[in-house]
Amino acid sequence: MTAPKPPENTYPEVDRLVDSDYVGEGWTPVEPGADPVLYGHAQISPRGRFEVRSYQTFTLTYTVGRFGLDDTGAIRVVFRAMGDTGRLQTTDPADDNYVTARASNGVTLSVNYAGRGMSARPRWKSLTVNVSNGYMREGDTITIVFGDTCDGSNGLKLQTMVETDFEFKVLADVCAVGHFVPIPDTPTIDIVSGNPVVWRAVLSSLRRPGERFHFGLKAEDKWGNPTPLACAEVRFESTLPVEGLPETFDYPLGQRSVSFDNLRVKEEGELRITVLQRDTGNTVAQSHPMLIRQDQYSGYWGDLHGQSGESIGIGTARSYFTFARDCAFLDLTSHQANDFQVNNKFWSYLNELSHEFLEEDRFVTFPGYEWSGNTAVGGDRNVYFRNEGRQIRRSSHALLPEREDLDTDAPDANLLFEALSDEDCVVYAHVGGRYADIAYAHDARLERSMEIHSAWGTFEWMLTDGFALGHRSGVVCNSDGHKGRPGASYPGASMFGAYGGLTCFLAASLTRDGIFECLRRRHHYGTTGTRLFLDVRAELAAGGKCYHDDPNVFPDAGFDTVSRAMMGDIVQTEDAEVTLAVEVSAQGPIERIEIRNGLEVVQTLRGFSEDDLGERIRVVWSGAEYRGRGRETNWKGQVRFEGASIRRLDKINAWNHERKLEQRGRDVVVFDAITTGNFGGFDVWLDDVTDARFSIETNLGSLNGSLSEIGIEDTVMDAGGLERKVRVFRLPESNPHRTVNAKIKVPLKTGADNPLWVCVTTEDGFQAWSSPIYVFR
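Keep in mind it's a predicted model, so treat the numbers as computed, not measured.

Basis of the calculations
Residues numbered from 1 in each chain as written. Predicted model: local features only at pLDDT ≥ 70, side-chain atom pairs only at ≥ 80, totals over all residues. Heavy atoms only, no water. Helix = DSSP H or I, 4+ residues; strand = E, 2+ residues; numbered from the N terminus. Rg over C-alpha atoms; globule rule 2.2 N^0.38 Å. Buried < 20%, exposed > 50% of the residue type's maximum accessible area, 1.4 Å probe, protein only. Contact = heavy atoms within 4.5 Å. Areas by Shrake-Rupley, 256 points an atom, 1.4 Å probe, with all protein chains shown as cover. 1 Å grid on protein atoms, 1.4 Å probe; cavity = no way out; pocket = protein on both sides within 12 Å on 5 of 7 lines; lining within 4 Å. Points joined across faces, edges and corners; volume = space filled by probe spheres on them. Nonpolar A, V, L, I, M, F, W, Y, C, P; charged D, E, K, R; others polar. Pairing = 2+ DSSP bridges. Axes fitted to C-alpha atoms, helices over the stretch in contact; angles between N-to-C directions. Salt bridge = Lys/Arg side-chain N within 4 Å of Asp/Glu carboxyl O. Parallel < 35°, antiparallel > 145°, perpendicular 65-115°, else oblique. Left-handed = near helix turned anticlockwise from the far one by under 90°. Arc of directions from axis to C-beta. Core = buried A, V, L, I, M, F, W, Y, C linked by side-chain atoms within 4.5 Å. Phe/Tyr/Trp six-rings, centres within 6.5 Å; stacked < 30°, edge-to-face > 60°. pLDDT = per-residue confidence, 0-100.

Trainee: Which residues make up the overall build of the protein, and what are the values?
Mentor: Helix and strand counts for the protein stand at six helices and 55 strands. Computed over C-alpha atoms, the radius of gyration of the protein comes to 27 Å, within 12% of the 28 Å expected from 2.2 N^0.38 for 777 residues, which places it in the range of a compact globule. Dimensions along the principal axes, computed over C-alpha positions, put the protein at roughly 90 × 70 × 55 Å. Residues counted as buried form 61% of the 777 residues belonging to the protein. Across the protein, the fraction of contacts at a sequence separation of at least 24, relative to all contacts at a separation of at least 6, is 74%. Accessible area for the protein stands at about 28,400 Å²; split by element, carbon and sulfur atoms hold 45% of it.

Trainee: Account for the layout of surface pockets, with residues named and values stated.
Mentor: By volume, the second largest pocket amounts to about 830 Å³. Along the wall of the second largest pocket there are 29 residues; nearest its centre are E460, E594, R596, E723 and K725. Secondary structure elements with two or more residues in the lining of the second largest pocket: α5 (461-468), β40 (590-597), β42 (613-624), β51 (722-732), β53 (754-762) and β54 (767-770). The class makeup of the residues in the lining of the second largest pocket is nine nonpolar, nine polar and eleven charged.

Trainee: Kindly report on the sheet that holds strand β15 (residues 198-202), identifying the contributing residues and their values.
Mentor: The three strands lie next to each other as β15-β17-β20, forming an open sheet whose pairing is antiparallel. One side of each edge strand has no neighbouring strand; the edge strands of this open sheet are β15 and β20 (258-263). Sheet twist, expressed as the average angle between the axes of neighbouring strands with direction ignored, equals 10°. Summarising the sheet, strand β17 (residues 213-220) and β20 pair through four bridges and their orientation is antiparallel. Within β20, the position partnered with F215 by the bridge is F260.

Trainee: Run through the pattern of salt bridges, naming residues and quoting values.
Mentor: The tally for this structure, following the rule as stated, stands at 55 salt bridges. A salt bridge links R200 to E220; its shortest N-O distance comes to 3.1 Å. Residue R200 is found in strand β15, and its partner E220 is found in strand β17; the two are separated by 20 residues along the sequence. Given the relative accessible area of 34%, R200 is considered partly exposed. Here R640 makes a salt bridge to D667, at a shortest N to O gap of 3.4 Å. In this pair, R640 sits in strand β43 (residues 633-642) while D667 sits in the loop between β45 (661-664) and β46 (668-675), placing the two residues 27 residues apart along the sequence. Classification of R640 by relative accessible area gives partly exposed; the value is 31%.

Trainee: How would you sum up the environment of A324? Please name residues and give values.
Mentor: In this fold, A324 is placed in helix α2 (residues 317-326). Sequence separation between A324 and G487 is 163 residues, and the spatial gap between their C-alpha atoms is 5.9 Å.

Trainee: I'd like a description of empty space enclosed by the protein, backed by residues and values.
Mentor: Left-over empty space is what a probe sized like a water molecule reveals as it rolls over the atoms. One pass over the structure, following the stated rule, counts eight cavities of 30 Å³ or more. Here the largest cavity defines a volume of roughly 130 Å³. What lines the largest cavity is a set of 14 residues, among which F79, T85, G86, K125 and F166 lie closest to the centre. Each residue belonging to the lining of the largest cavity can be placed in one class, and the counts come to seven nonpolar, four polar and three charged. A volume near 90 Å³ is recorded for the second largest cavity. For the second largest cavity, the full set of lining residues is H453, T458, A498, Y499, T528, N653, W655, N678, F679, G765, F766 and Q767. Looking at the lining of the second largest cavity residue by residue, the classes come out as five nonpolar, seven polar and no charged.

Trainee: Any details on the pairing of strand β50 (residues 715-718)? Residues and values, ideally.
Mentor: Where β50 lies against β51, four bridges are found, and the strand directions are antiparallel. Counterpart to T715 in the pairing with β51 is V728. If you look at the hairpin formed by β50 and β51, you'll find three residues sitting between the two strands, and G720 has a positive phi there, around 70°.

Trainee: Account for the packing of α2 against helix α3 (residues 344-357), with residues named and values stated.
Mentor: Close contact between α2 and α3 brings their axes to 10 Å; oriented N to C, the two are set at 25°. The angle between the axes of α2 and α3 places the two elements in the roughly parallel class. As α2 runs across α3, the sense of the crossing is right-handed. Listed contacts from α3 to A317, R318, F321, T322 and R325 of α2 are F346, Y349, L350, L353, S354, E356 and F357. Tallied by class, the residues present in the contact of α2 with α3 amount to seven nonpolar, two polar and three charged.

Trainee: Hey, could you go over α2 for me, with residue numbers and the actual values?
Mentor: Within α2 the residues assigned to the buried category are A317, Y320, F321, F323 and A324. In an axial view of α2, the angular spread of the buried residues amounts to 160°, which keeps them on one side of the axis. Against β25 (298-303), β26 (332-334), α3 and β27 (364-366) lie the buried residues of α2.

Trainee: Break down the environment of A752 for me, citing the residues and quoting the values.
Mentor: Structurally, A752 can be placed in the loop between β52 (739-747) and β53. Filtering out sequence-adjacent residues up to four positions away, A752 remains in contact with V775 and F776.

Trainee: Go over the nonpolar core, please, and point to the residues and values.
Mentor: One finds L534, L580, I593, I595, V758 and V760 to be the most contacted residues of the largest nonpolar core, which totals 75 residues. Setting aside chain neighbours within four positions, we find V760 in contact with L532, L534, V584, I590, R592, I593, F766, Q767 and A768. Of all hydrophobic cores here, the second largest spans 39 residues; its members include Y39, L69, F79 and I142.

Trainee: Report on the sheet that holds strand β8 (residues 125-132), specifying residues and quantitative values.
Mentor: Strand order across the open sheet formed by five strands is β7-β8-β5-β12-β13, with antiparallel pairing between neighbours. Each edge of the open sheet is held by one strand with a lone partner, namely β7 (108-114) and β13 (181-182). Bridging between strand β12 (residues 169-173) and β13 involves two bridges; their strand directions are antiparallel. Bridge assignment links L171 to a residue of β13, and that residue is P182.

Trainee: Tell me about the packing of aromatic side chains, residues and numbers included.
Mentor: The tally for this structure, following the rule as stated, stands at 36 aromatic pairs. Each ring, one from F50 and one from F58, has its centre 5.0 Å from the other, and the planes form 90°; the classification is edge-to-face. Assigned by exposure class, F50 and F58 land together as buried. Taken together, F50, F58, F79, F146, F166 and F168 form an aromatic cluster joined through their ring pairs.

Trainee: Can you break down the confidence of the model for the protein residue by residue, with the values?
Mentor: In this model, the protein carries an average pLDDT of 95, and 96% of its residues clear a pLDDT of 70 or more. Throughout residues 2-8 the model reports pLDDT below 50, and contacts reaching past four residues in sequence, or to other chains, amount to eleven contacts. Of the regions scoring below 50 in pLDDT, residues 18-33 engages in 41 contacts with residues more than four places distant in sequence or in other chains.

Here it is, written out as structure tokens:
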């Protein structure tokens, strides 16, 4: 399982983002007057391929054009907002990311870096080099060294995600008027994945006997990039016989992933596939569980929300669809560019791509976009059309120079719903930079679900706000990824704090029609990125009416008389209570399952009891500052287990490897972490616990007590903000419970809906939420 030195052609060729009629800020052409003879040109050295998060030094040379570069004029090098390259700096020559600049004719140069505010989206990050005490003539040069190591700096720390054509985009204000003109032939490098550190074996979660499915295998580097630097001789062990799966396989160097397609299992049961080294028998990877069950529905996994480099993200739209299918092993996806960056030509191109990649019964795509209105006018929505060729209804033309189709805009969310009223489409509300205000605007005919987790964080309030408003919405989770990795969206080392989410769609078929029926019935559940199996059903002793649609919105909605209802259903019953049947099967051990009626936790299920607890203590921090853009909470502090000694430390949701979470001495853990509504933390296994105490000291509060007082229930330190808290509780030394089946009696309230749903938390830090069953009496 080693990573041999790769040959020159190990990295596969990928699509490159090039200037065209729909590339650049707002998908506009490069400014016509930007002639390199007049405005100058730039070159970068060295060029080539460089490993993610490696230290490098690059020299960019700008040669002045025929216009010259006037006194107080400047050049500006701009970078994509969603990259996480080290923050450039000019003050400490010995520190990382040090930048210098010099002029060939000796004029004075000042260098300033701004993370935001000096350059337009999508290139917020900018380095500006100003000329003073003179001017520059044609042929003079400005030389910028990124990662200058002359005085001890390690160099420039590259970003964590793979990117073909990482740009050093140069603009010039040659006349010193404050107008920066982009010069053509942008200097680029390629940023490639590193050595493999973990293998991933990926299965879906529910299929019927004899139904075909695929099994994915890949190796990832430290930052979650599929890497072609892995090779292995493996064999497969499965809990059920799998038609089409070879006994052994030679994983080839140069492949980012391998998919075994057209597999089938004939008998019912739970399928798990283990990948082992052929020579040693060591486990390489274990798959998610997949239930083989004769049922009306199968489970299909999708990430329907992300962007590419033509708007605010990274990579091309074509590579986005390719990654979703071939590297994330998704069953369905959609591209969701911000509407104010989508001109008509790009909209047509996205429609062409969704049609090209559509392969029903294998990979389903939907044409769509993100309606990106400010929260004041309704906030972010996702729009999905069943078919191509529909009119895009933008929130604005903010970054589009075209004005001939302004009359097609829908500048607030209520106008959007009005414009879409006759369309065959589905809408989600979500939280991104802008969050959706579902009190301001909501149309239950179109807006069927709330996105409650993405790379931006976890937002249960998006769903629960609607309970009091009488909304009957389902749960979805997506990545809202901006790094070109839909379906496997790691947050990297910058502004995103969570791994991207996924949704399991319980549908009769993997077709557009099947998925749309599922969406309109809310027959789906969301996770923070794992592919666990989840089934939630309400058993009605006296039976009830299961409506085909929301009777509050469609008074003539038909219904079936039923004795059971599934997640997402709207049910009327005369019963005073229902029995909620819950089944969970996960890749790792299950920590807890919360059974909820609206905002109330009715019961918490675990596979273990108080008698099973050991000397393993879990400490987790969670929450956010508030609902808006600045929601990120920074947690700094330490936990001391005074009198005990730490035998083992395991991290939870520590996605940014450069943030501190480590053991100090025998009894202390120090941390510097962020949360954005989600949670992170650690487990410690302790020795010498007699009379031991714990103390938690953070920048947001403290908590202390006797270690013996920590039990199966949470000990909580509230920290204000938006559900900010630290929780401490005890777990078994080892938890073998990856499957939980239970039935719970849930009393029903009268006079309002009973939104019955569950939240599953696994020991490895993932969560899942079922769409509520809306029961009313």
